[in-house]
Structure formats: structure tokens, C-alpha cells
Amino acid sequence: DLLQNCNEIHLWEEDDRMGGPAWSADNSDVQLFNFPAGVAALELHDYSGAFLRWCGEQGHTGLHFGSYPPRHLFGAYCTHFSQATQALANEKGVTLLLHAGARVTNIQRTGRGQSLMRVVWVDSAQDDSIPSEVVVDAALLCTGPASKESDVLVPLRGRDGYYGSPWPHPRVPPHATVAVVGTGLSAVDTVKELLESGHKGPVVMASRRGLLPTIKPTVFDPFVPLSVATPEAVQALTEKCGRESDGLLLQFIDLIRQEMIAFQNSAPEDKADRIEDFDTCFREALSSEPRDGVAELKRNLAICKKGKRLPWQDCIIALGIKDVVRDMWSVLGTADRNLYEQKYATLLSIYFNSMPISSGDDMLGYLESGRCTLRRGLSGVTAVESGGFELSFDDSSDAVQADFVISAVGFGKHFTPVAATSDLNRALLEAKDLVKSCDRGGLECDYGTGRLKGIEDHTQTLLYGAGHLISGMKLLTSGVSYCLQDGAAAVHDMLEQLKLRVNS
């Protein structure tokens, strides 16, 4: 859309490698991309197998529609995609300037009340003390999270032995005791990489709930229809109860429960695992009572190895892909959002962010053999004065002493000067006009378009955000498909606004 409607487009990437995300930088076959090769894509709702065809052209013939490719392979596809986009721009006569190895240091209005913006950057390949700049009509920030470290672990920043991110994969002595904070997908990949690369020392995974991701179905179906919890039903319920009304979250959860029952009743017996007392099972799944993570992993593996789906797996994937959960989040009040984050967020995320069967098999093997230990009830991580770290737990069980701590609990949410890890983030915060922090994380934006909101009125400024940068407003931002949705919404509004400007 941009290539068809713009004369000049600039794309900045701080890494020297244009196109590949940070989590694809390690050249490891152990870390798997979390979408099957047949539906992995860089175009919105593209399930045509473009990535799989490219893999075949590159000689990676061992992949099939339902297999999960290494992350680095998808990263290479991202680089290929950026090169193909450059070629397409040349065909259309559009100036597309790819600034690899360039660090944007500021975005500012050209003058008070002005709609145009000035982008300032330095090039690491040249004298980075001499900035370059260009004036633009619109800008889209796809810079990732406010901070690459979890908010709760920021006090450990700078300590020897602490890694604030699992990417690139930390290198630690083979006999050291390693604590991986988190039990989600990033934590699973971190443990796999450690143990498959020959680590011999103790490895401990720890989180508040101690629950591992659920298992993806052997056949991924992106076209599961929703019959109850549709976007229209969400809108109708919101109008009936009132936007931000107390208890709206529980009404939405009941709507999801009804959708799951409808799916179970309509799915063929050989495709989905059926539950006799569904309501009891549903309540237990959302209960805050402690659960045995290893036992749940075994049960989920057993279901999926029969070729069946977990009872609500497809429904939750569909609720995410079709933006139903985001729509729900956008109309909740403060009390309901607090309740969701405290009680339900982790429990639902293990379904939203599930793992392939092969990763589940690997994890079960590590846990049963004692190569890895899974702990729940994590209450804190502190640095020990004499060296190393201590992990404490709610149930007063024995603390864990570790030589190294790797944070795999996700990115920092809050966009503050303390958390800001880039010159651009700090400059935007200090300017206090183009952006403002969202109390739920990232930056405030218009939900439908992603247009960022400033402290001062700037309705004519076309500055947008996508992905983790607007996580507080969008809730689900960690998947490639969600970033594509954000980008598409921003570009659509951007072009509409630019056409209005031209016409006026």
C-alpha cells in the first residue's frame, strides 16, 4: 500500500542486518519459530505457504506444512523479504531507502503546531557524531518494547552473571548453576539451547505459576469460525453493559466459555479432546490454585499425540487472530484490567503462546531426567553480596542459589526515563508533546489506528506505533501476526489522512 501511494519511504534498522528480529539472530536449529512453516508469513492473513516455498527454493526440503522451522531460518526470510521489497520499489519507481546500522536518536515536530516531523539519526558505518535528518509527513515506530528487560528484574541490571534478555543466547560456564526466570516460550527455548549445547550444571526454571506453554495441535487451522464470541457479540455486550462497567471482564469470560462449549459440541470426535464436565474443567483452568506444571505437560502431550486438539486450543487461537481479545481489552475499565493481569493473564497466555510437540517432548525429557527443575511460586530474585543470586518462593520452600540468572519473562512494559534503553525513547519522553506513557505499558495510542497520543494536542501529527510499543493499549503484541495487524491499521489510517491533506 505504501509503495503504491508514496514517493519516498525511509526504513531505519539499528542492526547491520536488515530484516531479521533479535530472536532470530542465533544460528541455532534448537530454537523454533512458533508458527508452522505452511502458515508463517510476513503479509497479513497470508496462509498460502509463501515462506515454505521460499524454504524449498533455498534447499531446506525437510520442512513440510505443519513443521516448525528454526527461528534463524525465519529471520533469513525476513531479510529476503526486505530485499524483495526493495526490488518492488525499484519497479514502481518509488525511492525506498534502507538505513541498516542506523540509530534514530530523535523525532520532533518541525515547529509548534506543525504536522510535519523531522527524523534524526546517526549511521554507525560513518562518523556517528554527525547526525543526518529528513523531514517526513508520517512515521510508524516498530522499535519493540520500551525496555528489553522485565520491569521486576531491572534492579539486577549491570550485575555480573545477569542477562536481561535470552537473545542472543547467553554463554555460561558448562558447570554453573543457571536460573531461567520465566516458564513461557522464551524460557523453553533458553533451556533447550543451554542443554543441547552441552551444559552440565543444574538448570532451574522458575515463575509465579510454574506452568509451561500448552502444546500446539499437530495440524494448525487458522480458519476456525467463531459462532458465539464474535466481534459483533463483544460490541453488543459492551453496549448492553456499558463501556468500562464493573464486571464486564467476567461477562466476556463467560462469552468465551460459551464459544468453547459450542466448538466442543460441533468438532468431530477424532479432532478434539472432549470433556464431560466442561464447566468444572473451565473453572479449574482459570483457578489461581497451584497446579503441577509437569503433570499438565504430560497430559497435554498425550492428547496431542493422539492427533487431537486440546479442548479450547483452536478457540483461543481464533480469538487472538480475529482480534476478539484485543477488542475486549480495549473496553475494560481499570478494575477489570487489574483483575485480568493479576488472575487470568498467565493462565490464558499458556494457550495463546503454545509450543510444538517436539519442544514439549524435549522439556519433559529434561524434567524427568533431572537435567532441569521446574519451580512455581517465585516471589523475588536478589543479588548476593558475595556473588551470584538467590531466588525466593512464596511457600517458604528452600531458596535457590544460582551463579547466573537469565531473564526470559518477557520485555519491560513501562515507558519511563529509567526503563528507556534508547536515545529515541528518552528524546520522545523528554519532548512531552508527541507521545505519553500508558499506565498499562508502552505508549498511549488510538486503539483502532495505532496513532500515538501526546501530552499536548497534536491531532495533525501522523506518528504511529506497532507491536510491543503499544502493548498497554493492544494487550496481545508478541506474535508476528499481531504486529502485521498493527502495521496494516496504521498504514490504512496514514494514507487516509494524507489523502485528506492533499485534497484540502
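Keep in mind the model is a prediction, meaning the values are calculated, not measured.

Definitions and limits used
Residues numbered from 1 in each chain as written. Predicted model: local features only at pLDDT ≥ 70, side-chain atom pairs only at ≥ 80, totals over all residues. Heavy atoms only, no water. Pairing = 2+ DSSP bridges. Helix = DSSP H or I, 4+ residues; strand = E, 2+ residues; numbered from the N terminus. Contact = heavy atoms within 4.5 Å. Axes fitted to C-alpha atoms, helices over the stretch in contact; angles between N-to-C directions. Polar contact = N/O pair within 3.5 Å; in protein donor to acceptor, adjacent residues only side chain to side chain. Buried < 20%, exposed > 50% of the residue type's maximum accessible area, 1.4 Å probe, protein only. Right-handed = clockwise from strand over helix to strand, strands pointing away. Phe/Tyr/Trp six-rings, centres within 6.5 Å; stacked < 30°, edge-to-face > 60°. Lys NZ or Arg CZ within 6 Å of the ring centre and 35° of its normal. Salt bridge = Lys/Arg side-chain N within 4 Å of Asp/Glu carboxyl O. Core = buried A, V, L, I, M, F, W, Y, C linked by side-chain atoms within 4.5 Å. Parallel < 35°, antiparallel > 145°, perpendicular 65-115°, else oblique. Nonpolar A, V, L, I, M, F, W, Y, C, P; charged D, E, K, R; others polar.

(A) Expanded view of the sheet that holds strand β7 (residues 162-163). Pairing is parallel across the open sheet formed by five strands, whose spatial order is β7-β14-β8-β9-β10. Where the open sheet ends on each side, the last strands, each with one partner, are β7 and β10 (372-375). Against the sheet, helix α4 (residues 185-196) engages β8 (178-181), β9 (203-206), β10 and β14 (404-407), with an angle of about 180 degrees to β9.

(B) The side chain of threonine 183, seen in detail. Among the structural elements, threonine 183 can be located in the loop between β8 and α4. Looking at threonine 183, its side chain comes within polar contact range of the side chain of serine 207, at 3.0 Å. Among the polar contacts made by the side chain of threonine 183, one reaches the main-chain carbonyl oxygen of leucine 211 at a distance of 2.9 Å. In this view, threonine 183 contacts Val188, Met205, Ala206, Ser207, Gly210, Leu211, Leu212, Pro213 and Leu374; residues no more than four positions away in its chain are not counted.

(C) Up close: the environment of glycine 465. Along the chain, glycine 465 turns up in strand β15 (residues 463-465). Measuring from C-alpha to C-alpha, the distance between glycine 465 and alanine 187 comes to 27 Å, with 278 residues separating the pair along the chain. For glycine 465, the residues in contact, after removing those within four places along its chain, are Leu140, Leu141, Gly450, Leu452 and Ile470.

(D) Region of interest: the pairing of β9. Because side chains alternate across β9, one face comprises the buried residues Val203 and Met205, and the other comprises Val204 and Ala206, equally buried. Alignment of β8 against β9, held across four bridges, turns out to be parallel. Within β9, the residue paired with valine 180 across the bridge is methionine 205. This β-α-β element, β8 to α4 to β9, shows right-handed connectivity. Where β9 lies against β10, four bridges are found, and the strand directions are parallel. Its bridge partner lying in β10, methionine 205 is registered against leucine 374.

(E) Fine view of the packing of aromatic side chains. Taken as a whole and judged by the stated rule, the model has 10 aromatic pairs. Taken together, a centroid distance of 6.2 Å and an interplanar angle of 35 degrees make the contact between phenylalanine 33 and phenylalanine 35 tilted. On the basis of relative accessibility, which here comes to 6%, the residue phenylalanine 33 falls in the buried class. By relative accessible area, phenylalanine 35 is classed as partly exposed at 21%. With centroids separated by 6.2 Å and ring planes inclined at 25 degrees, the aromatic side chains of phenylalanine 51 and tryptophan 54 adopt a geometry described as stacked. With a gap of three residues between them, phenylalanine 51 and tryptophan 54 both fall in helix α2 (residues 50-57), about one helical turn apart. Across this residue pair, the class does not change: phenylalanine 51 and tryptophan 54 are buried. These aromatic residues form a ring-pair network of at least three members: Phe33, Phe35, Phe51, Trp54, Phe74, Tyr77 and Phe81. Cation over ring: lysine 216 sits above phenylalanine 35, and NZ or CZ is 5.6 Å from the ring centre. Cation over ring: lysine 474 sits above tyrosine 447, and NZ or CZ is 4.5 Å from the ring centre.

(F) The arrangement of the sheet that holds strand β11 (residues 378-383) in detail. A sheet is described by the order of its strands in space; here three strands give the open sequence β11-β12-β13, paired in antiparallel fashion. Of all the strands in the sheet, the pair left with one neighbour each is β11 and β13 (400-402). When strand polarity is set aside, the average angle formed by the axes of neighbouring strands in this sheet is 20 degrees. Judged from the five bridges that link them, β11 and strand β12 (residues 389-393) form a sheet pairing that is antiparallel. Looking at the pairing, leucine 378 lines up with phenylalanine 393 of β12.

(G) Spatial organisation of the pattern of salt bridges. Under the defined criterion, the tally for this structure stands at 16 salt bridges. Of the charged contacts in the structure, one is a salt bridge between aspartate 362 and lysine 192, with a shortest N-O distance of 3.8 Å. With aspartate 362 in helix α12 (residues 357-369) and lysine 192 in helix α4, this residue pair connects regions lying 170 residues apart in the sequence. One salt bridge in this structure joins arginine 257 and aspartate 254, with 2.9 Å as the shortest N-O distance. Linking arginine 257 with aspartate 254, this pair stays in helix α6 (residues 248-266), spanning three residues, or about one helical turn.

(H) Quick peek at the nonpolar core. Ranked by internal contacts, the top residues of the largest apolar core, which has 69 residues, are Val191, Met205 and Leu297. With eight residues, α6 is the largest single contributor of residues to this core. Ignoring any residue separated from it by four or fewer positions in sequence, one finds leucine 297 in contact with Leu212, Ile215, Met355, Gly360, Met363, Leu364 and Leu367. Listed in part, the 22 residues of the second largest apolar core include Leu428, Val435, Leu443 and Ile470.

(I) Focus on the packing of α2 against helix α3 (residues 71-92). Here α2 crosses α3 at 95 degrees, and the two axes come no closer than 11 Å. The angle between α2 and α3 places the two elements in the roughly perpendicular class. In this structure, α2 uses Ala50, Phe51, Trp54 and Cys55 to contact α3, whose residues at the interface are Leu73, Phe74, Ala76, Tyr77 and His80. Among the residues making up the contact of α2 with α3, the classes are represented as eight nonpolar, one polar and no charged.

(J) Structural detail: the environment of aspartate 433. The residue aspartate 433 is located in the loop between α13 (423-431) and β15 in this model. Along the sequence, aspartate 433 and valine 294 sit 139 residues apart, while their C-alpha atoms lie 49 Å from each other.

(K) Representation of the side chain of serine 330. Within the secondary structure, serine 330 sits in helix α10 (residues 324-330). Here aspartate 327 takes part through its backbone oxygen, which lies 2.7 Å from a polar atom of the side chain of serine 330. Not counting the four nearest positions on each side in its chain, serine 330 is found in contact with Arg243, Arg337 and Tyr447.

(L) Expanded view of the packing of α6 against helix α11 (residues 334-352). Two elements in contact, α6 and α11, have axes whose closest approach is 9 Å; the angle formed by their N-to-C orientations is 55 degrees. Here α6 is positioned oblique relative to α11, judged by the angle of their axes. Residue-level contacts link Leu248, Leu249, Leu250 and Ile253 of α6 to Asp336, Leu339, Tyr340 and Tyr344 of α11. Each residue belonging to the contact of α6 with α11 can be placed in one class, and the counts come to seven nonpolar, no polar and one charged.

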